[in-house]
Structure formats: structure tokens, C-alpha cells
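Fold and contact review
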Amino acid sequence: MNMLFFIVFLLFSLLILRLGVIQIVYGEDAKREVERTEDITVNKSVPRGKIYDRKHRLIVDNEPRKAITYTIPNQFDQKETLKTAKALAKLINKDTDKITERDKIDYWLMTHPDEAAKKVSKAELEKYKDKTNELYKLQLERVTKEEIASLTQEDLEVLAIYREFTGGYALTQQIVKNEDVSTEEYAKVSERLAELPGVDTTTDWERKYAYEDTLRSILGNVSNGLPSEKTDYYMSRGYSRNDRVGKSYIELQYEDVLRGQKEKVKNITRSGTVIESKVLHEGQRGKDLVLTVDMELQHEVDKIVEEELRKTKMRGGTGLLDRAFVTLMDPHTGEILAMSGKQYAYDEDEGRYKFSDFAAGNFTTSYVVGSSVKGATILTGYMTGVNTPGKPILDEPIIIKGSSPKSSHFNRGGYITINDHTALVRSSNVYMYKTAIAIGDGQYRRGQSLIIDKEKAFREMREHFSQFGLGIRTGIDLPGEQIGFRGDVEKAHGGNALDFAIGQYDSYTPLQLAQYVSTIANGGYRMQPHIVKEIRDPGEDKEEMGPLAQEVQPKVLNRINAEDAWIQRVQGGFWGVFHEANGTGKAFANEPYSPAGKTGTAETVDRGTGVWNLSLVAYAPYENPEVAMSIVVPSAYVKGGSPNNINSDIGKRVLKAYFDLKNKKDDAASEETNEDVEEQE
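Described in the following lines is the structure provided in the data block.

1. Focus: helix H22 (residues 510–521)
Under the 1.5 Å per step criterion, the end-to-end length of H22 is 16 Å for 12 residues, consistent within 8% with the ideal 16 Å. In terms of residue burial, H22 counts as a mostly covered element, since 12 of its 12 residues are buried. Downstream of H22 by one or two residues, Gly523 has phi in the positive range, about 95°.

This is how it looks when you write it as C-alpha cells:
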């Protein structure tokens, strides 16, 4: 017993000695380590820039909303994080839709450690003792559906919150909830922040669209967090994982302008826990964009397109008609004045047919457009030297061995001598056919095989068409622009080169048509279209616009290789299309705004059914063009069905709306001037 007491005495002595050494020798070091703080600077997102129309009407704004956030500690503790998530779940309702099956399995394993341990045998523990990941994989595979189903709704809400807690990097602020945060939830969380380490209540924002669906597809969307496929790209440029970025169109194209300068915050941590945050730099919201679009005009054009689509759908043979496109462009500057696209489709959620915005289809979809490109064909004939202004040709049915006859719609069996002007006015297919044959060094003999160098014909015509913007990118300041479909020359036969000359082989976007007709309207200059007019710094006052930071200048991409007289000849033909007795667009003859242009009809196939596409290009006034227009209506009616003129019906109303609004604004400006004069007197 004495020996036992002696041993116990020695052990206690050693323990006391050790405690003394720690307390006396290392005590101050330990105290300093516990009290040591660390300063870490992080960036916080700021609201994005606003978007206005050309008249400075607000289109896209930032709407503040309540938000609950979580700042991830420097030293992650799973148990403490889960404890905080459970406490927060009692105070807020959290949507569980984003939870995946894998999330549920991970959560079940985390909250059922004893059952999880039994998922692997002793032999497996021994086998994978140095391979923790392999053991965890085995556990994942062995969680049953019944065990997953045992998770309650409360468990899922905790999981949804925990998932947000762990979705970023240390000391970055994660959004836990920023949609439908009630005043009660916000107050409850605010009162208990001391009990919820890392949790905070703040103000977040969301994009607000003043004109709802108008131009919505072009304005683009903003992602709530970095897109997974581009995370590395954005992270290398100073973004945080939960930052908002533009996902599409204007928001994406002008991301660097709209994102703003981040707020810099210094987080003071102790033992890995944030104890204080100080704002070093308040940051600045993104710069504002002023678009070239007039939203009042845009709204009118959208309304016209919807009304004409709805009216035309009441006619027979329009079963496949479901969309229409209109682009209005300033032919001298390239500014997009309005860009309308409407799609009429069945909405499964609402159980009815409805219109949706498809303005982006003006540059992301392409169609065969028919005779509206014949102005380019005429000028190509001049530029390649195969035709000259006023040169007569014989309009006759083209009979090629082994092929169906090709003819002009106004002359199915006769022989009529016409020139280039009449060819445009009456829309002669044969004039264009013979132009293509000449470009391809071909020879046509009635009833015999066509001799033509198809490679040369396609190459020359495509090269010259590209001078107008047909078949190439227009250069618009929006992502996702398509060039259209180019038919395979190797698989084509000689007759396809003839089809190309009348717009029946390659496909073009409505925006390409607008650039093409603008090039003719302004005397031969291909202008780069753009939808952003100005970039402005944020205004000091919420209601006022800031100073001009950058103005987008008109840009000439090229000048077509044509003499002024040749361009004027085609301009005269476009005038005749709308004003001469035999013109295919004579429905415009009595319009007061002096329009000129060209109609188009193209035979094609849609979903296995033969259909006709309708198109129209125009500009006005003829003497001094200020607006150019393209219209494309795919599948306007089925082959054999009753024809309609929806392209002309839309075109007349759109140009009238443009000039009515212009006159209205001119009258208002004149009244203001008169009032100012009267006040001065």
C-alpha cells in the first residue's frame, strides 16, 4: 500500500509540475495565441448598372430586398455549422427545391454517424484504413432509399440552409435567402444574431423590368452565382463564387461595364471566427447603359406584330405560322431603333397559347427569305460586269433538262423583254437566273442540260452578298449572332446557283436583311448595327442619370464595290416596287412617308410540310432615309393554302407607327419652343 501511495504521489507531482510549466513558462504565449486576431480583406458585390432607352426611360433597375446571409468562418467546424443551420431553420422557411439526391445522402450520413459506421465491415475498415475517401464511397453506396425517405421536412430545410452555408470559400458572404423574406423572418433573425455565428441580415437586390416582357430576350439574364462551366474564368478575374454575372445578351456582353466596383470589407477574426467587419471602400454600383432602342416605338411594334399574327392565324393554311420578326435600324448610324420578335406557342403551365418575346431571334435564327435579296443580286450583276443598268433580257420560262421549269410569277409561259428596273419592280426570277448563269460563265439552251461553273457562281455571289452583310456576321454588340445556313456547294447542282440568286438557297437572319437594305438606302455603306448608344457613370441622385462616360460612334464596316449610279438604279427599282402599277409592294403606294423597298416570298419546308416564308425590306423617306426595316415571317402559309400578306400588313403599320411617333414628338417639341418664346416676350 505504501508503494502504491508513493507511485500516486509521484504521478500527481509530475502532473502539477507539468501544469506549472505550462502556466508559468508558456502561459503568455498561449494567451496571445487565443487573443490573436487576424485581418483579412474580402470583396462584396454591389448593385449592377441600370439600363435606359434612347429617351432615358428606365428599362432595367435594381430593386432592394431583404436578405439573410452567412459568412463562412476561416476554420470550418462541421458540428458548429450544422448547429447554426438548425437554429436558423427554426426562424425562417427555406425552399428545398435545389437539394439533390446526393445532398440528402451526405446529410443522412452526417446526422446518423453510428448507423453510417455500421455501413462498412471491420475487414473493409482494415483494408481502407488509409483511404478515407474509399470508405466514404462505400457508405454512400449503401444508404438505402428508406433511410433517405426518413428525412423530415424540417431535416430538408436544415439541409437546404447547410448547403448554402458551405457553398463558398472562407470569409465570403453567402446568400442564404433573398427571395420572399418576410418582415417577421427578418426581425426574428436580426434579434438573434448573437446566437447565430456568421449569420447576418442585410439588403440584397434583384433586377426589375419596367416594361415586363418587352425586349426581354435581348436584355438578358443575370445568374445567381457563377455559372459552373465558367467558374474558373470568372474566379481568375476577381469574382467570388456567389457573385452575380450576366448570363446572356446585353447583361453578358456588357458585364464589365454593369458589374461595378466591389465594396472592400476587412474581416477581423479571432481563432478563425469573425469578430468584427469594417468597410474599407464602399464601392460603386455598375455603370449605366443607354440603349439605341425607343421603348415607346418598341412597344408599338410588338403590339402590331402580335395583332397581325393573331389576325392571320384566323385564316386557313396557317397551322405552322408561329412567329414573326421586325428590325428597325437607322441606316446612317447602325442604331437599332426597335427589334421585335414574337413567338406564339402553347404554354404547358398556363394551358393556353400565348405570345412570348423572341426579339433575339432577329440575329440568332435564319430563314430563306426569297426575292427581298434581289437588290443584292442586281448589284452583284453590275459589280461582276455581267449586267449593266438598262440592259434588256428576255423573261421566259427556263427549261433545264431533267428539272421542273423555272419562271417568274408574272410570266409562266410567255416571252417578255425587261430590264433591271422592271426586274426589281415586278420581281423577275428569270432576270436573276440569267445573272447567276452569266456569273458562272454558263450557257443556257432551252431543254438542254445547264452548263455552268457552279463553284464560281456561288463563290462570286456569296462574296458580293457579304459586302451587304448577307451570309456573314453583322457585328452587332450582342453575343450569339448566327450567320445563317450556307448550302453545300459540292452537293449542289447548277440549278441551285439559280435558286441562290432569288434568295431560295442560303438562309439569312432578319438583322442581316436590315443591314443589307440599310447599305442600299445610305448609298453603299455597310454600317455596324449596335444596341448600346451610351455608357454613363452612376448618378449621385437615384432619379438622375450620371455623366457621359462613353458614346458609341457609328462604324462603317465596308463600302460596297459599286458606282453611285448603280446604287441609285437599285434605289429607283425599290421605289418602283412600292409605287408603280406592277410593283409587288404597291400596297405602300399611298403611304405619306415615301417608302421604298422589296417584298420576298420563299418556298421551303417546315416540319416536313411545304410552306412559304414571307419577307420585306424597306426604308423611308426615299429621298433622305432615316429608318430601314426588315420583316421576316417564317411559314406564313402552307404550300397550296390561301396566300396572305402579313409581311406587308406588318410593314405598313410599323412604318406608320414610327412616323406617327416622330411627328408627335416634333409637335411636342414645337409647342415647348413656342411656350419658351412666349415666356421670354
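2. Observations regarding the packing of aromatic side chains
Counted by the stated rule, this structure contains 19 aromatic pairs. Measuring from centroid to centroid gives 4.3 Å for Phe578 and Phe588, while their planes differ by 5°, and the two rings are stacked. Taken as a pair, Phe578 in helix H23 (residues 564–579) and Phe588 in the loop between H23 and strand E20 (596–606) lie far apart in primary sequence, 10 residues in all. In this structure Phe578 comes out as buried when scored by relative accessible area, which is 0%. Taking relative accessible area as the criterion, Phe588 reaches 0% and is therefore assigned buried. Taking NZ or CZ as reference, Arg216 lies 3.8 Å from the ring centre of Tyr209, over its face. We note Arg559 situated over the ring of Tyr525; from NZ or CZ to the ring centre the distance is 5.4 Å.

3. Quick look at the sheet that holds strand E12 (residues 336–347)
What holds strands together in a sheet is hydrogen bonding between their backbones, with the strands either parallel or antiparallel. Within the open sheet, the 6 strands sit side by side as E13-E12-E11-E22-E21-E20. Their pairing is antiparallel. Of all the strands in the sheet, the pair left with one neighbour each is strand E13 (352–357) and E20. Averaged over all pairs of adjacent strands, the angle between their axes in this sheet comes to 15°, without regard to strand direction. Here strand E21 (residues 609–620) pairs with strand E22 (residues 627–638) via 9 bridges, running antiparallel. Paired with Trp612 across the bridge in E22 is Tyr637. Most of the contacts of H23 go to E20, to which it runs at about 75°, and overall it touches E20 and E21.

4. Overview of the pattern of salt bridges
On inspection of all chains with the given rule, the structure shows 44 salt bridges. Glu206 is the partner of Arg65 in a salt bridge, and the nearest nitrogen-oxygen pair spans 2.9 Å. With a gap of 141 residues between them, Arg65 in strand E3 (residues 58–71) and Glu206 in strand E5 (residues 199–209) connect regions that are remote in the sequence. For Glu185, the salt bridge goes to Lys177, with nearest N and O atoms at 3.1 Å. Across the pair, Lys177 and Glu185 agree in class, each one buried. If you follow the salt bridges from partner to partner, you end up with Asp53, Arg57, Asp294, Glu296, Lys664 and Lys665 in one network.

5. Description of the environment of Gln174
Positionally, Gln174 belongs in strand E4 (residues 173–177). Look at Gln174 and you get buried, because its relative accessible area is 5%. Sequence spacing of Gln174 and Glu164 is 10 residues, and the spatial spacing of their C-alpha atoms is 6.7 Å. Sequence-distant contacts of Gln174, defined by excluding residues within four places in its chain, comprise Ile68, Thr69, Tyr70, Ile72, Glu164, Phe165, Gly167, Gly168 and Asn242.

6. Structural notes on the packing of helix H20 (residues 454–466) against helix H21 (residues 494–501)
Packing of H20 against H21 leaves a shortest axis separation of 10 Å and a crossing angle of 15°. Considering the angle they form, H20 stands roughly parallel to H21. Regarding H20 and H21, the two cross each other, and that crossing is left-handed. Counting all contacts with H20, which are made through Ala457, Phe458, Met461, Arg462 and Phe465, the residues of H21 involved are Asn496, Ala497, Phe500 and Ala501. Of the residues assigned to the contact of H20 with H21, the class counts are 7 nonpolar, 1 polar and 1 charged.

7. Section: the nonpolar core
Leu379, Phe468, Leu470, Tyr516 and Phe574 are the most contacted members of the largest nonpolar core, which has 58 residues in total. The biggest single contributor to this core is helix H19 (residues 429–439), with 7 residues. In this structure Tyr516 touches Ser372, Val373, Lys374, Gly375, Ala376, Phe468, Leu470, Phe574 and Val617, once residues within four positions along its chain are discounted. Within the second largest apolar cluster, 34 residues are counted, among which are Leu309, Tyr593, Val627 and Tyr658.

8. Examining the pairing of E13
Of the pairings in the sheet, the one linking E12 to E13 comprises 6 bridges and is antiparallel in character. Along E13, the bridge assignment pairs Lys342 with Asp357. Taken together, E12 and the strand that follows it, E13, pair antiparallel across an intervening segment of 4 residues, in which Gly351 is found at a positive phi of about 70°.

9. Some details on a negative patch on the surface
Together, Asp95, Asp97, Glu179 and Asp180 line one region of the surface with negative charge. Mapped onto the fold, Glu179 is located in the loop between E4 and helix H10 (183–191). With a relative accessible area of 48%, Glu179 lands in the partly exposed category.

10. Some thoughts on unusual backbone geometry
Cis peptide bonds are those with omega within 30 degrees of zero, and the linkage from Ala620 to Pro621 qualifies with -15°. By the element assignment, Pro621 lies in the loop between E21 and E22. At Leu215, a residue that is not glycine, the phi angle is positive and equals roughly 65°. Note on placement: Leu215 falls in the loop between E5 and helix H11 (216–219). Even without a glycine there, the phi angle at Ser427 is positive, about 60°. Mapped onto the secondary structure, Ser427 falls in the loop between helix H18 (420–425) and H19.

11. A look at the side chain of Thr377
Inspection of the secondary structure puts Thr377 in helix H17 (residues 374–384). With a relative accessible area of 2%, Thr377 lands in the buried category. Every residue in contact with Thr377, bar those within four places of it in the chain, is listed here: Met432, Thr435, Phe465 and Ala501.

12. A word on the environment of Ala438
As for its placement among the helices and strands, Ala438 is situated in helix H19. Among the residues examined, Ala438 registers a relative accessible area of 30% and is labelled partly exposed. Considered as a pair, Ala438 and Lys586 are 148 residues apart in the sequence and their alpha carbons are 31 Å apart.

13. Considerations on the packing of helix H4 (residues 101–111) against helix H7 (residues 132–142)
Direction vectors running N to C along H4 and H7 enclose 110°, while the axes themselves pass 10 Å from each other. Here H7 runs roughly perpendicular to H4, going by the angle between their axes. Across the interface between the two elements, Arg102, Ile105, Asp106 and Leu109 of H4 pack against Tyr136, Gln139 and Leu140 of H7. Split into classes, the residues belonging to the contact of H4 with H7 amount to 4 nonpolar, 1 polar and 2 charged.

Definitions and cut-offs
- The residue numbers shown here count from 1 along each chain, following its written sequence.
- Only residues with pLDDT of at least 70 get local features here, since the model is predicted, and only at 80 or more are side-chain atom pairs given and counted; chain-wide, interface and lining totals rely on the full set of residues.
- Note that water and hydrogens are dropped before the side-chain values are worked out from all heavy atoms of the structure.
- Strands here are runs of E lasting at least two residues and helices are runs of H or I lasting at least four, both read from the DSSP assignment and numbered beginning at the N terminus.
- One less than the residue count of a helix, multiplied by 1.5 Å, gives the span that helix is expected to have.
- Under the scheme applied here, a residue whose accessible area is under 20% of the maximum for its type counts as buried, over 50% as exposed, and between as partly exposed, the area being computed with a 1.4 Å probe on protein chains only.
- Pairing of aromatic side chains requires ring centres within 6.5 Å, counting the rings of Phe and Tyr and the six-membered ring of Trp. Pairs whose planes differ by under 30 degrees are stacked, by over 60 edge-to-face, and all others tilted.
- Working rule: Lys NZ or Arg CZ, within 6 Å of ring centre, within 35 degrees of ring normal, means a charge sits over the ring.
- In this analysis, strands are considered paired if DSSP registers two or more bridges between them.
- Lines are fitted to the C-alpha atoms to define the axes, a helix being fitted only along its stretch in contact, and any angle between axes, read from their N-to-C directions, falls within 0 to 180 degrees.
- The contact criterion used is simple: two residues touch if any of their non-hydrogen atoms lie within 4.5 Å.
- Salt-bridge detection follows one rule: a side-chain nitrogen of Lys or Arg within 4 Å of a carboxyl oxygen of Asp or Glu.
- Roughly parallel here means an angle under 35 degrees, roughly antiparallel means over 145, roughly perpendicular means 65 to 115, and every remaining angle is called oblique.
- A crossing counts as left-handed when the near helix is turned anticlockwise from the far one by less than a right angle, and as right-handed when that turn is clockwise.
- Charged residues are taken to be Asp, Glu, Lys and Arg, nonpolar residues to be Ala, Val, Leu, Ile, Met, Phe, Trp, Tyr, Cys and Pro, and polar residues to be all remaining types, Gly included.
- Grouping buried Ala, Val, Leu, Ile, Met, Phe, Trp, Tyr and Cys residues that are joined through side-chain atoms within 4.5 Å yields what is termed a nonpolar core.
- Put simply, a patch holds well-exposed residues, over 30% relative accessible area, that have no salt bridge, with like charges counted together within 9 Å and Val, Leu, Ile, Met, Phe, Trp or Tyr side chains within 5 Å.
- Note on areas: Shrake-Rupley with a 1.4 Å probe; residue coverage comes only from the protein chains shown.
- Counted as positive: Lys and Arg. Counted as negative: Asp and Glu, with His and the chain ends omitted from the count.
- Here the site of a charge means atom NZ of a Lys, CZ of an Arg, CG of an Asp or CD of a Glu.

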